[in-house]
Amino acid sequence: MEKAKAENFDWPNLGFNYYDLPYSFHAEYKDGKWDEGKLTSDSTIKMSEAANVLHYGQEAFEGLKAYRRKDGGVNLFRPDMNAKRLHNSAERLLMAPFPEDRFVEAVKMVVKANQNFVPPYGSGATLYIRPFIIGTGEVIGVHPADKFQFHILVTPVGPYYKGGMKPTEYVTSPYDRAAHGGTGQSKVSGNYAASLLPGSLAHKNGYSDVVYLDPRLHENIEELGGANFFGITKDGKFKTPKSPSILPSITKKSLLQIADSFGMEPEETTISIYDLDQFSEAGAMGTAAVISPVGSITHNGNKHVFYSETEVGSYTQKLYDRLSGIQDGDQKGPDGWQVDVPLK
Ligand code: PLP
Ligand code: COI
């Protein structure tokens, strides 16, 4: 793939795709420690054919974004939370965690190096940042690796769900994403490998994404393929599923706090697929998804329409305006939510 050129991007019409940008970050772990790491223009990875990641899936990743502010500067949104979650995911797969303070510094370094690719303020696009750790040590039996690599790639993106702030359709699946006691709480590639088949069946049938149900009863909503789920009750309360097998979303944590500040009495609780009538609005929330309205959920052939199939509801819009206002730097957020990336 050729290296991308900033002048070739049509920022307002970007999809969610990979482009090969000038710089990535690369660090290596061996003999019990991480090296200093460095920026590199090599976007390929060399490893042994017996690397653990290729056979037994030692891989954990993160997703965060860099946002262009009105004054031309660039903000990250709560990157310390991504550092911490990557640490937890790495520990779950017996990989060496990358030090959390160095994670944030490395993210700043790679954003600064690719600063011409942080899309303009107001374009609706952002620079997506994908840090990941892989087990590169050689194995043939099922054992953890003793060598790891940490990389950060960045790529400019538009909306993850095609409608953006237009409601789209979702569908439940007979497949499970993750088991209770499995790796659902970790951001690891195996969870997404398991979601490819149900996800592609949903897309083929015109749905934006899958609504996964709990793996025991197939009754309670877990989350979507690439985002957590929320519903707004008819009396304006914010509810989101509680489960041991969903990803602890940083956007969700932030929206719980924002909803509380709006007096929406946020709650993490069991949400039955048979009790959707309680909601007047519903949405997807995540770094890539931001907030995307869920227009309808189809379960066993029955389609449940929330607020509207074409219009976004007022609570969803209000939550979106506050969240994206903070992310874009237009509104002041709680302490530590907005982290400036020095560009000089
Ligand atoms: N759930 C899944 C399965 C995801 O892939 C993501 C994306 O990271 C989320 C939820 C949302 O998490 P966050 O808000 O931390 O991006
Ligand atoms: C993210 O929101 O960062 C994710 O990792 C979701 C992914 C499906 C693109």
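Note that the structure is predicted; figures quoted are calculated from it, not measured. (Residues numbered from 1 in each chain as written. Chains lettered and ligands numbered in written order. Predicted model: local features only at pLDDT ≥ 70, side-chain atom pairs only at ≥ 80, totals over all residues. Heavy atoms only, no water.)

Peer 1: Can you walk me through the pattern of salt bridges in this structure?
Peer 2: When their charged atoms lie close together, side chains carrying opposite charge are able to pair. For the structure shown, the criterion picks out twelve salt bridges. Here Glu138 ties to Lys147 by a salt bridge, and the two come within 3.3 Å at their closest N and O atoms. Through salt bridges with shared partners, a single network forms among Arg69, Asp71 and Asp340. (Salt bridge = Lys/Arg side-chain N within 4 Å of Asp/Glu carboxyl O.)

Peer 1: It is not clear to me how the site of ligand 2 should be interpreted in this structure. Could you clarify?
Peer 2: In the neighbourhood of ligand 2, the contacting residues comprise Phe16, Phe61, Gly63, Tyr128, Arg130, Tyr160, Lys187, Gly226, Thr287 and Ala288. Tyr128 places a side-chain nitrogen or oxygen 2.6 Å from an oxygen atom of ligand 2. Calculation on ligand 2 without its partners gives an accessible area of 280 Å², and the protein chains cover 90% of this total. Class assignment for the residues of the shell around ligand 2 results in five nonpolar, three polar and two charged. Each of domain 1 (6–157) and domain 2 (168–327) gives at least three residues to the shell around ligand 2. (Near = heavy atom within 4 Å. Polar contact = N/O pair within 3.5 Å; in protein donor to acceptor, adjacent residues only side chain to side chain. Areas by Shrake-Rupley, 256 points an atom, 1.4 Å probe, with all protein chains shown as cover. Nonpolar A, V, L, I, M, F, W, Y, C, P; charged D, E, K, R; others polar. Domains from an automatic or database assignment.)

Peer 1: Help me out: how do you make sense of the domain arrangement of the chain in this one?
Peer 2: Note: interface size is frequently given as the accessible area lost on complex formation between the parts. Here the domain parsing of the chain yields domain 1 (6–157) and domain 2 (168–327). Taking the mean C-alpha position of each, domain 1 and domain 2 sit 25 Å from one another. Contact residues are listed per partner, giving 20 residues for domain 1 and 20 residues for domain 2. When the buried surface of domain 1 facing domain 2 is broken down by residue, Phe61, Phe77 and Arg85 rank first, second and third, together holding 36% of it. (Contact = heavy atoms within 4.5 Å. Buried area = accessible area lost by both parts, 1.4 Å probe.)

Peer 1: Would you mind showing me how to read the site of ligand 1 here?
Peer 2: Within the structure, ligand 1 sits among 17 residues, and Tyr192, Glu223, Ser249, Thr251 and Thr287 are positioned closest to it. Here Arg85 contributes a side-chain N or O atom positioned 2.7 Å from an oxygen atom of ligand 1. One nitrogen or oxygen atom from the side chain of Tyr192 is found 2.5 Å from an oxygen atom belonging to ligand 1. Isolated, ligand 1 exposes 380 Å² of accessible area, and the fraction of that covered by the protein chains is 97%. Within the residue set of the shell around ligand 1, elements represented by two or more residues are strand S11 (221–224), helix H5 (250–261) and strand S15 (279–286). In terms of residue class, the shell around ligand 1 is made up of six nonpolar, seven polar and four charged. (Helix = DSSP H or I, 4+ residues; strand = E, 2+ residues; numbered from the N terminus.)

Peer 1: Looking at this model, I keep getting lost on unusual backbone geometry. Mind explaining?
Peer 2: A negative phi angle is the norm for most residues apart from glycine, just as the trans form is the norm for most peptide bonds. Phi at Leu94 takes a positive value of approximately 55°, unusual for a residue other than glycine. Checked against the element boundaries, Leu94 lands in the loop between helix H2 (79–92) and helix H3 (100–113). A positive phi angle, near 50°, is found at Asn300, a position not held by glycine. Taking the relative accessible area as the measure of exposure, Asn300 reaches 63% and is therefore exposed. (Buried < 20%, exposed > 50% of the residue type's maximum accessible area, 1.4 Å probe, protein only.)

Peer 1: Quick question: what am I supposed to make of the side chain of Arg68 here?
Peer 2: Looking at the element boundaries, Arg68 is found in strand S5 (residues 64–68). Of the side chains with opposite charge, Asp71 comes closest to the buried, unpaired Arg68, at an N-O distance of 7.7 Å. Within the local environment of Arg68, its side chain forms a polar contact with the backbone oxygen of Gly72, the two atoms lying 2.9 Å apart. Of the polar contacts made by the side chain of Arg68, one reaches the backbone oxygen of Val118; its length is 3.0 Å. Residues contacting Arg68, with those up to four places away along its chain left out, are Gly73, Val74, Gln115, Val118, Pro119, Pro120, Tyr121, Asp328 and Leu343. (Lys, Arg positive; Asp, Glu negative; His and termini not counted.)

Peer 1: Which parts of the structure should I look at to understand the UniProt feature "modified residue: N6-(pyridoxal phosphate)lysine" (unreviewed entry) in the chain?
Peer 2: Mapped onto this structure's residue numbering, the UniProt feature "modified residue: N6-(pyridoxal phosphate)lysine" (unreviewed entry) falls at Lys187. Mapped onto the elements of the fold, Lys187 is located in the loop between strand S9 (168–172) and helix H4 (189–204). Excluding anything up to four places from it in sequence, Lys187 contacts Ala60, Phe61, Glu62, Gly63, Arg85, Ser89, Tyr192 and Leu247. (UniProt positions renumbered as here; feature names shortened; annotations may be inferred.)

Peer 1: What am I meant to see in the nonpolar core here?
Peer 2: Within soluble globular proteins, side chains that are nonpolar generally end up buried alongside one another. In terms of nonpolar packing, the biggest core is built from 42 residues, with Trp34, Phe103, Val111, Ile129, Ile133, Phe150 and Ile152 touching the most fellow members. Looking at this core, the elements with two or more residues in it are strand S1 (24–30), S5, strand S6 (74–77), H2, H3, strand S7 (126–135) and strand S8 (148–157). Considering each element in turn, this core owes the most residues, six residues, to H3. With residues near it in sequence (within four places) discarded, Phe103 still touches Glu62, Leu64, Pro79, Asn82, Ala83, Leu86, Phe98, Pro131 and Phe150. (Core = buried A, V, L, I, M, F, W, Y, C linked by side-chain atoms within 4.5 Å.)

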